[in-house]
Amino acid sequence: MIGSEALVRALEAEGVDFVFGLPGGANLPMYDALVDASLRHILVRHEQSAAHMADGYARIKRKAGVCFATSGPGATNLITGIATAYADSSPMIAVTGQVPLAMIGKDAFQETDIIGVANPCTKYAFQPRAAVEIPETVKKAFYIAESGRPGPVLIDIPKDVQQARENIQFPDLIKVRGYNPIIDADLSQLERAVETMIKAERPIIMAGGGVILSGAFSELQAMAELLMAPVVTTFKGKGSFPENHPLAMGPIGMHGHPEANKIIIEADCIIAVGARFSDRSVGRFDEFGKGMTIIHLDVDPAEIGKNKAVDIAVIGDVKASLRTAVKMLAKHKVVEKTKDDPWLKRRKELIDYYADTIKDYPRELTAKKALKKLREILPSDAIVTTEVGQCQMWASLHFDVISPGTFFSSTGLGTMGFGFPASIGAKAAKSQATVVDIAGDGSFNMTENSLAVSVLEKLPVIVFLMNNYMLGMVAQWQRTFYNRRYMGVHQNSCPDYVKLAEAYGAQGIRAESMNDLEGAIKKALKNDVATVIDIAIDPEEDVYPFVAPGTGLKDMITGA
Amino acid sequence: MAGLLKTADTLSQDDAESWHIVAALVENKPGVLFRVTNLFRARSFNIESITVGSTEQVDLSRMTITTKTDERTLDQLVKQLRKLIDVVEVRVLDSSKTVYRELALIKMKAEEPTKRMQITTYASVFRANILDIDKNTIMVEITGTPDKIDAFKNLVSSFGIIHLARTGVSALPRGEY
Ligand SMILES: Cc1ncc(C[n+]2csc(CCOP(=O)(O)OP(=O)(O)O)c2C)c(N)n1
């Protein structure tokens, strides 16, 4: 067997059913091995999209997604997608071709030191230097990518290693001695944490992406209900808790729900679950949580105290920690809170207050109304992702996720162009689900050529294009902080998205009114082909509320 | 790596509280030093010195890192190091329970015999060795704690140091510690 065959065999052994990629000189042997493989290769039009597809696949399957690229430019094109996955702790295996061993370091054609480039944005990067190492490398790569705090792993294989014919063995067990992710809940700390939670008068749960990564949805809900604690999420944690639940308050942060931003600063105890206290979520580190008890549950010990000193830290997989916490809470017989509990009354009060104060943008068709309409028509288990910018923040504010784990976005890196290919990856992971990308025109432009993939590979998704023909979020900042001095934000009505969709064999529908929009969504759902709904959004519509960078949650501007 | 390593001058006793020795056992394979130093650079951890060399086990290397930092940053540095797959073990060593040494080579101007005599006397007080002498220069090897090396360096600086090379600190815990 040759190295590339061993690679494909090892991937099959890991249960890989999709590989997203694009070939070139240095990975030709891998592509030759794919011809006889049982897994499905999805040819992309740009390697960045291959990485985003693998990422989207991973976020729905909760298993590593796989992407392939050739050496040099192919490999560097993957990097944005790898960095995006790293920032959001998404498991991924990126396999790149490399120039032959003897050429490494000679500045050979299409040689890039991709191990060096990928180092800061991968959990690990391997370069097997003999074909016999490949199966073990693949097994280790999956183990590292999927366990503990997940993340991308790169495997860079020199071309001669791919071609070498050797007697290759496939190990059943591997061990990585420097890598021992902590999984089990830390019982002694958990005991303390539970006692503290029970004593709190105004507890609040702040659920982060870790809840989604570990699939701890029912455990989180059980804990919230036992404590009768309101639940806010980070943006990454959006959809870790049903947003129509009576305790749900939605995301906090720069463009969080106003009531969520307000209630969290009134709490006396914050229970952060799988959240990393990012600046976008908590505003100023020094102000956030001041005078409150902070309990932090996380699988990554390095997150404890990184941005925020905490009072009690429980290290371990949050699903295991929450499960145990729920058992402990149930034993402790938490005092039953009634509807008259002042803290729960305060929750209701804040929701009502902001519902009345924040005015809608005065137009027949607005971003908010469009997203409410989308929610109304979409099945509750539809998978929704987003691009980056106003579109993303509107989604955070106005699109309620009902079925846990059905929403994701590039939250850590904020990568424009992520959503569309990632939605195709999600569709590959769950073909029976309706998949929607809530997009901005600028972001969609970055990876719109994935329409070819969606159409040809029969992985239809809906691009819900909130088209303001603007790099809207940047324009909003220029309006707010730079006295409306616009620079580099106008897309000038180009391209025509209906024609663009049609050019790829997809369906394009323009919506200029709420009525058009309703028809368009229904038409998109009925049709089995990729659809771009080109929605006319006013370029002046801002996203509110807004916590300006460098300020605290209390400084939230509501635009009212 | 030159930009990463600050001069050893800052490694002094004035802020003993915040001077730390971090010992790590790492995989003995290519790229490990790069991963460690790249981590320090990416997260703006300031380190004073880093040494790496073989150990009693062929597949492991020992890294000794010294850093002047507050407790919180030290905690992060250790946790981030532990996260690296190639790092097998990390310990912060209590300097009172640790033997730590650094070696320095110092080449000085020494044209006049009186100067040479003086340097030789100082060297013997500090248990330093004279390694090389020629018409105009003298080279001394000194081993000890960074403080001791600083003291010697300050003492001889008036003679005119031509070159100074320090190895950075190597450390092992004492006894059972
Ligand atoms: C790859 C990349 N480049 C630049 C940015 C900076 N950026 C953030 S939001 C934004 C505008 C996004 O415009 P669009 O996709 O049209 O969405 P809108 O804000 O109009 O909803 C830009 C340029 C980014 N996040 N990602």
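Everything here concerns the structure above.
Here the structure is a predicted model, which is why all the values come from computation and not from measurement.

Colleague: Would you explain the packing of aromatic side chains in this entry?
Modeller: Aromatic ring pairs: the centre-centre distance and the angle between the two ring planes describe each pair. Following the criterion strictly, the structure yields 20 aromatic pairs over all chains and no others. Taken together, Phe 420, Phe 444, Tyr 469 and Tyr 497 of chain A form an aromatic cluster joined through their ring pairs. Sitting over the ring of Tyr 124 of chain A, Arg 35 of chain B keeps its end group 4.3 Å from the ring centre.

Colleague: In this structure, what is going on with the interface of chain A and chain B? I would like to understand it.
Modeller: It is common to give the size of an interface as the accessible area that goes away when the parts come together. Chain A puts 22 residues into the contact, and the matching count from chain B is 20 residues. When chain A packs against chain B, close to 1600 Å² is buried across both sides, 45% of that on carbon and sulfur atoms. The largest share of the area that chain A buries against chain B comes from Asn 119, Tyr 124 and Arg 177 of chain A, three residues that together contribute 38% of it. Lys 83 of chain B serves as the salt-bridge partner of Asp 300 of chain A, at 2.5 Å between the closest nitrogen and oxygen. Put simply, chain A and chain B have 12 residue pairs in polar contact (both at pLDDT 80 or more) between them. Within the residue set of the side of chain A that touches chain B, elements represented by two or more residues are helix H5 (114-118) and strand E5 (124-126) of chain A. For the side of chain A that touches chain B, a count of residues per class yields 11 nonpolar, 5 polar and 6 charged.

Colleague: Help me understand the site of the ligand in this model?
Modeller: Residue and element names in this part refer to chain A. In the vicinity of the ligand there are 17 residues, among which Gln 390, Gly 442, Ser 443, Gly 472 and Met 473 approach most closely. Asn 468 is positioned with one of its side-chain polar atoms (N or O) 3.1 Å from an oxygen atom of the ligand. Here an oxygen atom of the ligand and a backbone polar atom of Met 473 are 2.8 Å apart. Look at the ligand: alone it shows 580 Å² of surface, and the protein chains cover 76% of it.

Colleague: Which parts of the structure should I look at to understand the environment of Ala 367 of chain A?
Modeller: Residue and element names in this part refer to chain A. Summarising the element assignment, Ala 367 is placed in helix H15 (residues 367-377). Along the chain, Ala 367 and Val 543 lie 176 residues apart, while their C-alpha atoms are 9.2 Å from each other. In this structure, Ala 367 is in contact with Trp 394, Met 466, Ile 537 and Glu 541, ignoring residues within four places of it in sequence.

Colleague: What should I look at first to understand helix H3 (residues 47-61) of chain A in this one?
Modeller: Owing to its 3.6 residues per turn, the α-helix brings residues three or four apart onto one side. All names here are of chain A. Along its 15 residues, H3 runs 21 Å from first to last C-alpha, staying within 8% of the 21 Å computed at 1.5 Å per residue. With 14 of 15 residues buried, H3 is to be regarded as a mostly interior element. Directly after H3, the chain includes Arg 62, whose backbone phi takes a positive value near 55°.

Quick notes on the rules
- Residues numbered from 1 in each chain as written.
- Chains lettered and ligands numbered in written order.
- Predicted model: local features only at pLDDT ≥ 70, side-chain atom pairs only at ≥ 80, totals over all residues.
- Heavy atoms only, no water.
- Phe/Tyr/Trp six-rings, centres within 6.5 Å; stacked < 30°, edge-to-face > 60°.
- Lys NZ or Arg CZ within 6 Å of the ring centre and 35° of its normal.
- Contact = heavy atoms within 4.5 Å.
- Buried area = accessible area lost by both parts, 1.4 Å probe.
- Salt bridge = Lys/Arg side-chain N within 4 Å of Asp/Glu carboxyl O.
- Polar contact = N/O pair within 3.5 Å; in protein donor to acceptor, adjacent residues only side chain to side chain.
- Helix = DSSP H or I, 4+ residues; strand = E, 2+ residues; numbered from the N terminus.
- Nonpolar A, V, L, I, M, F, W, Y, C, P; charged D, E, K, R; others polar.
- Near = heavy atom within 4 Å.
- Areas by Shrake-Rupley, 256 points an atom, 1.4 Å probe, with all protein chains shown as cover.
- Expected span 1.5 Å × (residues − 1).
- Buried < 20%, exposed > 50% of the residue type's maximum accessible area, 1.4 Å probe, protein only.

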